[in-house]
Structure formats: structure tokens, C-alpha cells
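Observations on chain architecture
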Amino acid sequence: MNGFVKFIVLILALAIGNVIYKANINEPVKVPPETWWGPGDPSKEDKSIVPFKINVSNEVLADLKYRLKNARDFVPSLQGIQQQYGINTKLLKEIVNFWLTKYDWREREKFLNQFPQFKTNIQGLNIHYIHVKPKNVPSGTKILPLLLLHGWPGSVREFYEMIPLLTTVQKDKDFVFEVIAPSLPGYGFSEAAVKPGLGVGPMAVVFKNFMRRLGFDYYYVQGGDWGAAITTTMAIFFPDKVKGIHSNMCMSNSHLSKVKLLAGSLWPSLIIEEKSKHKVYPLSDYVSNMLLEFGYMHIQATKPDTVGVGLNDSPVGLAAYILEKFTTWTNPAWKNKADGGLLERYTYTKLLDNVMIYWVTNSITTSMRLYSEAMNKDENVFDDRHVVTIPAACAVFDSELVYQPPSLFKDRYRKLVQVNAYDGGHFAAFEVPDTLAKDIWLAVSKFENS
Ligand SMILES: *[C@@H]1O[C@H](CO)[C@@H](O)[C@H](O)[C@H]1NC(C)=O
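Residues numbered from 1 in each chain as written. Predicted model: local features only at pLDDT ≥ 70, side-chain atom pairs only at ≥ 80, totals over all residues. Heavy atoms only, no water.

1. Some details on the packing of aromatic side chains
Under the defined criterion, the tally for this structure stands at 27 aromatic pairs. Taking 5.5 Å as the distance between ring centres and 10 degrees as the angle between the ring planes, the aromatic pair formed by Trp 152 and Tyr 296 counts as stacked. Highlighted residues: Trp 152 in the loop between strand E4 (142–149) and helix H5 (163–167) and Tyr 296 in helix H10 (residues 295–302), separated in sequence by 144 residues. The two residues Trp 152 and Tyr 296 agree in class, both being buried. Here a set of aromatic residues connected by ring pairs shows up, and it is made of Trp 152, Trp 226, Phe 294, Tyr 296, Tyr 321, Phe 326, Trp 329, Tyr 346, Tyr 371, Phe 427 and Phe 430. Against the face of Phe 74 rests Lys 93, its NZ or CZ located 5.8 Å from the ring centre. (Phe/Tyr/Trp six-rings, centres within 6.5 Å; stacked < 30°, edge-to-face > 60°. Helix = DSSP H or I, 4+ residues; strand = E, 2+ residues; numbered from the N terminus. Buried < 20%, exposed > 50% of the residue type's maximum accessible area, 1.4 Å probe, protein only. Lys NZ or Arg CZ within 6 Å of the ring centre and 35° of its normal.)

Below, the structure written as C-alpha cells:
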């Protein structure tokens with residue numbers, strides 16, 4: 001196309017995008033109702049907060065050992081193939097051997113119980129959470145509540161290394177965090193909904209009520225993956241409760257952003273820096289990479305219960321399904337490594353802690369259902385209708401699975417105080433806790449001083 005035609009196409013695209021966009025933001029925000037998601041009787045709401053410790057029975061552990069020892073032989077991976085067809089079974093065998101011979105659950109249980117944990121019932125669901133208050137806080141230092149939200153296939157385990165970094169007073173800061181890290185409903189030790197519909201919007205309502213139960217009316221929220229989607233939704237629904245948000249998976253899917261993304265095919269430099277251009281353009285590569293990596297999403301957004309039967313019955317199947325994500329989503333290049341790169345940023349122990357949280361709670365099926373609830377007729381998380389008007393900060397990790405040009409973020413996050421780019425992947429809290437913690441400190445310094 002010659003320059004003039006390109007120019008006309010661009011102007012038209014922007015004009016159309018702008019019209020559609022304005023039409024969309026004028027839609028009033030509809031906060032979902034406070035549905036009773038659990039079993040039991042709404043008139044007998046239990047408002048207590050009960051201390052909780054993980055304590056898996058010997059029966060569950062003996063059964064796990066039996067299943068690991070008696071797993072059928074794995075099908076050998078193809079010659080010359082590493083993780084490109086899914087997890088390599090030679091790697092899986094090594095991890096399963098580690099699980100059987102070196103991984104000590106009773107030790108890990110002590111590790112996982114190192115922080116105070118509680119359960120409380122919100123809208124019929126017993127919600128499990130970690131609650132860490134800062135220690136040795138000098139007078140004059142503000143204590144700021146921070147809700148940390150994980151995603152799939154993660155758990156609160158992702159936050160263990162980062163929590164002390166956030167709850168320890170810093171010399172040059174006049175505030176410190178009080179961290180509240182819940183398991184999402186249907187994940188780990190939190191109860192799952194018994195009726196359809198608990199998508200991202202309704203979860204935002206659950207967590208607003210959860211924070212109220214704990215006595216917090218004004219707080220910060222941080223999240224990645226589903227946690228990022230819920231974080232953004234809380235900011236849109238409850239701008240008077242959420243003081244600011246920090247996300248390590250900022251996304252803008254407004255019509256305007258989509259038009260800009262298309263326009264960038266003609267003039268990439270309009271929306272993305274030269275060094276990151278290859279992550280998005282040509283768009284055909286971007287889309288084919290999504291097709292390569294998002295098969296799981298289609299399954300989970302349509303038939304989670306069917307695949308869940310197998311995963312819930314086989315610990316090796318569950319580990320294969322979950323750990324494959326920790327290779328590719330941490331770094332797409334790890335697909336081509338025999339060891340999946342797993343030990344470069346994690347340990348088998350850490351990774352198995354997370355798998356165990358799914359196994360001992362039978363929660364893989366209910367965790368996957370979130371995709372079905374968030375991508376159906378009632379809710380489509382990939383169709384932004386509203387903007388975030390409270391202060392926001394984005395940390396962009398360069399191997400992020402759903403990488404978007406950071407220039408699009410302003411379309412959605414109207415008071416963006418910072419966008420910082422780092423080395424790392426999708427599971428930032430778990431992979432590079434120091435980097436993420438520092439970025440949160442930095443963002444909140446700006447929120448507090450603006
Ligand atoms: C776990 O439960 C068992 C059996 O009820 C009990 O004997 C043990 O003390 C508990 N352990 C912890 C760490 O609470």
C-alpha cells in the first residue's frame with residue numbers, strides 16, 4: 001500500500017474505533033448481584049473467621065504414593081522432541097521420581113503453614129486465606145492492606161517468597177504492607193461454587209465482601225493471570241474501595257485497542273518499540289502462537305469437567321498438565337529444552353508444592369471452570385466495556401504469554417502511574433519475587449504521593 005492509502009486507512013480505523021469505544025464506555029457499570037454460591041442456607045450466614053492449618057491425612061498421602069508408584073508407563077516422546085507436543089515424558093519421569101523419593105510433604109506442610117491462615121464464609125463459600133501483618137513497625141509508618149490474587153494453574157504458593165518482602169519495613173519508605181492472599185473460590189483450600197456463574201465479575205464481588213469481613217474498606221489490590229482480571233474488575237466496580245491496583249498482566253481489549261493493534265500492522269512504530277515489535281507483529285505470527293498455546297483455554301472454557309475427571313484421578317496426569325504451563329509460560333523458548341528450563345527459575349519442590357495444593361484439595365476441575373464462567377454469554381473477559389479510573393500500575397514481563405503493546409494500557413487504565421518492563425514470564429511472583437515486590441513498592445510510593 002502506498003503511504004497515502006495507509007494514512008486514510010489509519011484515520012478511518014481510528015475514527016471508527018473511537019466512536020465504538022465511546023459508545024461502550026457510556027454503558028453503566030453493572031455490578032453482579034451478591035449471589036449465594038455455596039451449599040447451605042443463606043439465612044444462616046456464618047460470619048466467623050476461623051484459624052486454619054493445612055493438615056492432609058495419612059490416607060491421602062498413602063493413596064498418592066500408591067498412584068505415583070503404580071502409574072502406567074508413559075508413552076515415549078517423539079525423537080528429537082522436547083516440550084513441543086506437551087510435556088516430555090522423560091522429564092515427567094524425573095519429576096515423578098523426585099516426588100516419590102525426595103519430596104517430603106510433611107516438611108512442605110510446615111513450610112506452607114509458616115504464615116497465619118484462616119477461613120471465613122462469604123456468600124456461602126468458605127474462603128481460605130493467608131494474612132500476614134508487618135512486624136516491628138515504627139510509629140509514623142502507615143500500614144497498607146494489600147490483597148494479592150493468584151491465577152491458574154497457580155495458587156497462594158506463588159506468593160510465599162514475596163510476602164516477607166512486602167511485610168518488612170523498608171528504610172526509605174513511610175509505609176509497609178499488610179498482606180491478605182486468598183485462594184480463589186474453587187482453588188486449593190477455598191470452597192467451590194455449587195451453581196454456575198461464578199466468573200470474574202462475581203468473584204470481584206466476593207472479594208469486596210471478603211475484605212469487608214476482614215475490616216478493610218480501602219485497600220490496594222495486586223494480581224496476575226485471573227488475579228489480574230479480578231483486580232481490574234474490582235477497580236471498575238468498587239473505585240471507592242480500591243485505592244490503586246498493580247497488575248502483572250495488564251490488558252486492554254477495548255475496540256480502540258483492537259483498532260490500534262491492527263493499525264500497528266501498517267505502522268508498528270506508532271504503538272510499539274522497535275525492540276518489542278517481534279512479540280506482536282506480524283499479527284499472523286501473534287495469532288498462530290496463540291493457537292499453539294491456547295488449546296487448554298478452549299477446553300477449559302467449554303468442557304472443563306470432562307478433562308477434569310482424568311486430571312483429578314491421576315497425580316502424574318495432573319503434574320503433566322500443570323507443569324507444562326510452568327515451562328512454556330515462563331519462557332516460550334523453554335519448549336525447545338529437554339529439561340523444560342524448569343530448574344532455571346524454580347525448583348521441583350516449589351513446583352510440586354503447587355501441584356500438591358491442587359491434588360490434596362481435588363480442585364483442578366473447579367479451578368478450570370473459571371474459564372467457562374468468564375467466557376460465556378454472561379461474561380466475556382476479552383471484551384472491555386469500561387475503563388479503570390483509579391490509579392494503576394503495570395509490570396510487563398517480557399516473556400508474558402499474553403503480551404500486549406504497553407502503549408495500549410492507557411486506553412483502559414486512565415490513571416496509569418507507571419509501566420515497567422522486566423525480564424521474566426507469566427508467573428512473576430513465583431519466578432522473580434524480588435523484581436515484582438520492588439515494582440509494587442515503587443507503584444504504591446507513587447499512589448501514596450499522588
Ligand atoms: C494433623 O492432624 C492429626 C490428626 O488429627 C493430628 O494428630 C496432628 O497433630 C495434626 N497436625 C498439625 C500440624 O496440626
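2. Some points on the environment of Pro 268
Following the sequence through the fold, Pro 268 ends up in the loop between helix H8 (255–266) and helix H9 (283–293). Under the relative-accessibility criterion, Pro 268 is labelled buried at 18%. Sequence-wise, Pro 268 and Arg 369 are 101 residues apart; in three dimensions their C-alpha atoms are separated by 37 Å. The residues touching Pro 268, leaving out its near neighbours within four places in the chain, are Lys 277 and Tyr 281. (Contact = heavy atoms within 4.5 Å.)

3. Topic: the pattern of salt bridges
A full pass over the atoms with the stated rule returns 27 salt bridges. A network of salt bridges, in which partner residues are shared, links Arg 108, Arg 157, Glu 161, Lys 350 and Asp 353. (Salt bridge = Lys/Arg side-chain N within 4 Å of Asp/Glu carboxyl O.)

4. Details of unusual backbone geometry
Omega for the bond connecting Trp 152 with Pro 153 falls within 30 degrees of zero, at -5 degrees, which places this linkage in the cis form. With respect to the helices and strands, Pro 153 occurs in the loop between E4 and H5. In this model, Tyr 281 is joined to Pro 282 through a cis peptide bond whose omega is 0 degrees. Among the secondary structure elements, Pro 282 is positioned in the loop between H8 and H9. Although it is not a glycine, Asn 136 sits at a positive phi angle of roughly 50 degrees. Position of Asn 136 among the secondary structure elements: in the loop between strand E3 (125–132) and E4. Take Asn 136: its relative accessible area is 72%, and that puts it in the exposed class. Even without a glycine there, the phi angle at Asn 362 is positive, about 50 degrees.

5. What about the state of the cysteines?
By the definition in use, this model includes one disulfide. The residue that forms a disulfide with Cys 250 is Cys 394, at a sulfur-sulfur distance of 2.1 Å. The sign of the S-S torsion, about -90 degrees, decides the handedness of the disulfide formed by Cys 250 and Cys 394: left-handed. Within this pair, whereas Cys 250 is found in the loop between strand E7 (242–247) and H8, its partner Cys 394 is found in strand E8 (residues 388–397), the two being separated by 144 residues in sequence. Of the residues examined, Cys 394 reaches a relative accessible area of 1% and is grouped as buried. (Disulfide = S-S within 2.5 Å.)

6. As for the packing of helix H12 (residues 315–328) against helix H14 (residues 348–360)
Interaxial distance between H12 and H14 falls to 10 Å at its minimum, and their mutual angle equals 130 degrees. One finds that H12 runs oblique with respect to H14. Where H12 crosses over H14, the two elements pack in a sense that is right-handed. Taking contact as the criterion, the partners of Pro 315, Leu 318, Ala 319, Ile 322, Leu 323 and Phe 326 in H12 are, on H14, Leu 351, Asn 354, Val 355, Tyr 358 and Trp 359. Looking at the contact of H12 with H14 residue by residue, the class counts come to ten nonpolar, one polar and no charged. (Axes fitted to C-alpha atoms, helices over the stretch in contact; angles between N-to-C directions. Parallel < 35°, antiparallel > 145°, perpendicular 65-115°, else oblique. Left-handed = near helix turned anticlockwise from the far one by under 90°. Nonpolar A, V, L, I, M, F, W, Y, C, P; charged D, E, K, R; others polar.)

7. A word on the side chain of Ser 183
For Ser 183, the location among the structural elements is in the loop between strand E5 (175–182) and helix H6 (200–213). Polar contacts involving the side chain of Ser 183 include one to the side chain of His 128, which spans 2.8 Å. Once you skip the residues sitting within four places of it in the chain, Ser 183 turns out to touch Ile 127, His 128, His 150, Val 156, Phe 189, Ser 190 and Phe 207. (Polar contact = N/O pair within 3.5 Å; in protein donor to acceptor, adjacent residues only side chain to side chain.)

8. Topic: the domain arrangement of the protein chain
Per the domain assignment, the segments making up the protein chain are domain 1 (3–29 + 262–286), domain 2 (37–54 + 113–253 + 384–450) and domain 3 (55–103 + 294–379). Each of domain 1 and domain 2 has a C-alpha centre, and these two points are 31 Å apart. Contacts between the two partners involve twelve residues from domain 1 and, on the opposite side, 13 residues from domain 2. Connecting domain 1 to domain 2 are zero salt bridges. Along the contact surface separating domain 1 from domain 2 lie three residue pairs in polar contact (both at pLDDT 80 or more). Taken together, the residues of the side of domain 1 that touches domain 2 sort by class into eight nonpolar, two polar and two charged. (Domains from an automatic or database assignment.)

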